[in-house]
Each structure stands twice: as structure tokens, then as C-alpha cells.
Amino acid sequence: GIQKHERTKAGFSVVELLVVLGIIALLSAISLPYIVNYKKVYKSEDQALKVIDLMREANQLAITRRRTMRFEIDLTNNTVAIIDENGTGPDTSVKEIPLEMTRDVRIDSLPTGVTKPNPPNYTDIAFTTDAIGHMEGATSVIGNQVWQARFRSDGSMVNAANTPISVNIYSWPPVTPGSTSPRSKLEVRAITVFGGSGAIRYWKHDGTNFVASQ
């Protein structure tokens, strides 16, 4: 009885501690690859949801402020932004957030081997050299590779010619940096926007087709 009491007071032996630490190390070694892969899988999803959130914010700001909000995806700066097109003064940067690095997640094209959501059979976004000026804080920068759309106070989304446009946007991880093939079709995400009303739909790929998620 006395020996047991003394052992309890002394705590764990060195051998017991080493056994526990060994088990923890083994479990960590087994689980770490799964954690890393889990984070990789959801990078494309996180990015797509960020874009959707910012588009909805731009749409809501255009309605509440009663003026046009320009939405930009900038491949040169790797950002997505909302710009207030103040009709009586210079454009104002409202919000800008970073995108994932293109080596990890691409947003500029439909990946090889993947068929766009259909219906609706919208046009994929196309990036062009910015001749208007991309807002970086209070500075206008010309020459970046961007895609632009404008949300109007009536809720519609239009192009530079003020014509409603309906588009597809994709978010997907390349199998290797710069590749046009996705690492896995299951990681490919799509966003469709109906220009007439600014309605946005989110899609996940099931390995064969896109399935509407929300």
C-alpha cells in the first residue's frame, strides 16, 4: 500500500512518458498528410466562396448607394476588388482581398476535361489588359490583366458598354503549377452570374458534371 502511494505521488516514469510521446508522434505522422490534403481540397472552394461573397456585397452596395459598383478580378495583382464608380468624382476603392496563389488555385479559365455548367450555357469570363485603371488604394494602375463587371443600382450586372452580361467563373487547383488540367475534378468549383438580375449560383463538380450547390 505504501509503495503504491509513493508511485502515485512520483507521477509517470520516464519509460511511460516515452511510450506516450511515441504514440502521439505516430498519430501525428499518420494524420498530418490527411490534414494537409484536406486543406488543399478546400482552397478552391474557399476562393470561390470569397468571390461570391464579394460579388454579393458589390451588388448590395450598388442598390443601397444607388450608383454603379465595379467588380474586378486582377490576375496581375492576384486580387479581387470592389470599386465605387462615383459619377461626380474619381473612382474609390471600397474593398480588396487577395486570391490564392495561381500555382495553388487558378481562376482564369475552364480546366481541361471539364464541361461548363449547362444549363445555363453562359460565357466564360475573359481577362484583358486594363485600359481604364485598376484601383490600388487611391492609385489607378493601368495595364493589369483583369476581368471587370459592373453592378448597377437596379441589381443587374453589365459590361463596359452597359449591356447585361451572364458569365461563368471557375476556381480549381492545377495538377502542377501552370497546368491546364485540374488535380481532381472533385475540387473544381464554378460560379454563374445572371446579368439581368445579378443572381449568383454556386456549383461543385461531382467528377462527371457540375451540380448546383446553392
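(A) Main features of the overall build of the protein chain. Within the protein chain one finds 3 helices and 13 strands. A burial count over the protein chain gives 36% of its 214 residues as buried. For the protein chain, restricting intrachain contacts to residue pairs at least 6 apart in sequence, the fraction spanning at least 24 positions comes to 52%. Entry remark: accessible area of the protein chain is about 11,800 Å², with carbon and sulfur atoms responsible for 58%.

(B) Seen up close, the confidence of the model for the protein chain. In the predicted model, the protein chain carries a mean pLDDT of 86, and 83% of its residues have values of at least 70. Below a pLDDT of 50 lies the segment residues 4-8, which in the model reaches 1 contact outside its immediate sequence neighbourhood of four places, other chains included.

(C) Representation of the pattern of salt bridges. One pass over the full model with this rule turns up 14 salt bridges. Between Glu45 and Arg189 there is a salt bridge, and its shortest N-O distance comes to 2.9 Å. Pair noted here: Glu45 is in helix 3 (residues 43-65) and Arg189 is in strand 11 (residues 189-194), with a separation of 144 residues, a long-range link. Each member of the pair Glu45 and Arg189 is classed as buried. By relative accessible area, which is 11% here, Glu45 ends up buried. Connected through shared salt-bridge partners, Arg70, Glu72, Glu85, Asp91 and Arg150 make up one network.

Cut-off values and rules
Residues numbered from 1 in each chain as written. Predicted model: local features only at pLDDT ≥ 70, side-chain atom pairs only at ≥ 80, totals over all residues. Heavy atoms only, no water. Helix = DSSP H or I, 4+ residues; strand = E, 2+ residues; numbered from the N terminus. Buried < 20%, exposed > 50% of the residue type's maximum accessible area, 1.4 Å probe, protein only. Contact = heavy atoms within 4.5 Å. Areas by Shrake-Rupley, 256 points an atom, 1.4 Å probe, with all protein chains shown as cover. pLDDT = per-residue confidence, 0-100. Salt bridge = Lys/Arg side-chain N within 4 Å of Asp/Glu carboxyl O.

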